[in-house]
Amino acid sequence: MGSDFGHRSFPGLGYKPQNEAKGLAERRRIMLRKVLSPWRIIATRSSSSVSSAVNSMLLRSLKDHYLEVSKMTPPPKVSPPSPFEIVKGALNGNGPVLRRSYGHEEVSISVMRLANIVPGADGDGGDGDDEINQLFLHVDVSKPGQVESLHFLCGLYPDALGIHSVNMRPKDEAVDSIAVPSAYSGPVFEDLDERMRDAFHTYIEERGVNDNLFPFLQAWLYVKEHRNLMRWFKSVGTFINENKSAKDA
């Protein structure tokens, strides 16, 4: 009889021994869920609390930096060399900064830090000095009725200007697209013979593109970067604050 015990049904109970084991396992799972539920709530609350603290810390830091930058003394006002004129709205865009007429031609100049093109180009030791000593110019010379303009990429310094390349490009082509030309961009400037290089330098100098532009463009970049930094602190702070308000609601 003993050999049959493990397969025998328990009369009156309606289930076998393996069904009892399943029932015990299910009851244990229910008990575990009850035990673990408070821990899940604590973890959720803790995560929410940490997120709120991080947001508050960020907002406080952004506000402090915004106030610090807003107290910075702007550079002395400098006018561009005549006959160049400042392009309206240039501080809020990425297009030309200066424009002038030269006979029937139009000369326009865009500028950025040389360090934005060649990292580490500004300064000598990389010690955090924020002085702008090297500029990168896009100079466009266009003529009425022509679909292309003559485009110069130049490095501008306090006492010198150097041409990096010369090419033809569509008049409506954005300055940003110069980094990856869509067509042949001409020979390497240094590969041209000395007489041709000198002639190109004379060509743009006759149109007023020389180191006399440096003081104005340097000051202009300071003002533009200052505005951009202020705008960045404010927009990031507004975004985080709106998220914080939505979570608190």
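Thresholds applied
- Residues numbered from 1 in each chain as written.
- Predicted model: local features only at pLDDT ≥ 70, side-chain atom pairs only at ≥ 80, totals over all residues.
- Heavy atoms only, no water.
- Buried < 20%, exposed > 50% of the residue type's maximum accessible area, 1.4 Å probe, protein only.
- Helix = DSSP H or I, 4+ residues; strand = E, 2+ residues; numbered from the N terminus.
- Pairing = 2+ DSSP bridges.
- Core = buried A, V, L, I, M, F, W, Y, C linked by side-chain atoms within 4.5 Å.
- Contact = heavy atoms within 4.5 Å.
- Expected span 1.5 Å × (residues − 1).
- Arc of directions from axis to C-beta.
- Polar contact = N/O pair within 3.5 Å; in protein donor to acceptor, adjacent residues only side chain to side chain.
- Patch = residues over 30% accessible without salt bridge, like charges linked within 9 Å, V, L, I, M, F, W, Y side chains within 5 Å.
- Areas by Shrake-Rupley, 256 points an atom, 1.4 Å probe, with all protein chains shown as cover.
- Salt bridge = Lys/Arg side-chain N within 4 Å of Asp/Glu carboxyl O.
- Axes fitted to C-alpha atoms, helices over the stretch in contact; angles between N-to-C directions.

### Focus on the pairing of strand 3 (residues 105-113)
- By the criterion of burial, strand 3 is predominantly enclosed, with 7 of the 9 residues buried.
- Strand direction decides the pairing type here: strand 2 (residues 98-102) and strand 3, joined by 5 bridges, are antiparallel. Its bridge partner lying in strand 3, Tyr102 is registered against Glu105.
- Counting the residues in the hairpin turn of strand 2 and strand 3 gives 2 residues, including Gly103, whose phi is positive at 65 degrees.

### Regarding the nonpolar core
- With 31 residues, the main nonpolar core has Leu137, Phe152, Val209 and Leu217 as its most contacted residues.
- Looking at this core, the elements that each hand over two or more residues are strand 3, strand 4 (135-142), strand 5 (148-157), strand 6 (160-170) and helix 3 (214-248).
- Among the elements that make up this core, the one with the highest residue count is helix 3 (5 residues).
- Not counting residues up to four positions away in its chain, the partners in contact with Phe152 are Leu137, His138, Val139, Val141, Ile163, Ser165, Val166, Phe200, Tyr203 and Ile204.
- The next biggest cluster of nonpolar side chains, apart from the first, holds 6 residues, and it includes Leu62, Val69, Met230 and Phe233.

### Observations regarding helix 2 (residues 194-206)
- When the terminal C-alpha atoms of helix 2 are compared, their 18 Å separation across 13 residues agrees well with the 18 Å that a helix rising 1.5 Å per residue should span.
- What helix 2 keeps buried is the set Arg197, His201 and Ile204. All buried residues of helix 2 lie within an arc of 70 degrees about the axis, which places them on one face of the element.
- Looking at the buried positions of helix 2, the neighbouring elements they touch are strand 5 and strand 6.
- Structurally, the start of helix 2 carries an N-cap: the backbone nitrogen of Arg195 is 3.1 Å from a side-chain oxygen of Asp193.
- Phi turns positive one or two residues past the end of helix 2, at Gly208, with a value near 85 degrees.

### Overview of the environment of Arg100
- With respect to the helices and strands, the residue Arg100 is situated in strand 2.
- In this structure Arg100 comes out as buried when scored by relative accessible area, which is 13%.
- Separated by 108 residues in sequence, Arg100 and Gly208 place their C-alpha atoms 9.1 Å apart.
- Within the local environment of Arg100, its side chain forms a polar contact with the backbone oxygen of Arg207, the two atoms lying 3.2 Å apart.

### Side note on a nonpolar patch on the surface
- Residues Val54, Met57 and Leu58 make up a contiguous nonpolar surface patch of roughly 240 Å² in combined accessible area.
- The topology assignment puts Val54 in helix 1 (residues 17-70).
- For Val54, a relative accessible area of 36% gives the class partly exposed.

### What to know about the side chain of Asp140
- Among the secondary structure elements, Asp140 is positioned in strand 4.
- When its relative accessible area of 12% is taken as the criterion, Asp140 is described as buried.
- Of the polar contacts made by the side chain of Asp140, one reaches the side chain of Arg169; its length is 2.4 Å.
- Not counting chain neighbours up to four residues away, the residues in contact with Asp140 comprise Glu106, Val107, Ser108, Ser149, Leu150, His151 and Arg169.

### Some thoughts on the sheet that holds strand 3
- Reading across the sheet, the 6 strands line up as 1-2-3-4-5-6 and stay open at both edges, with antiparallel pairing between neighbours. Two strands close off the open sheet at either side, each with one partner strand: strand 1 (85-86) and strand 6.
- Its contacts with the sheet place helix 2 against strand 2, strand 3, strand 4, strand 5 and strand 6, and it is angled at close to 90 degrees to strand 6.

### Focus on the pattern of salt bridges
- One pass over the structure, following the stated rule, counts 5 salt bridges.
- Residue Arg169 is joined to Asp140 by a salt bridge in which the shortest nitrogen-to-oxygen separation is 2.4 Å. Of this pair, Arg169 sits in strand 6 while Asp140 sits in strand 4, and the two are 29 residues apart along the sequence.
- Here the salt bridges do not stand alone but share partners, grouping Glu105, Glu206 and Arg207 into one network.

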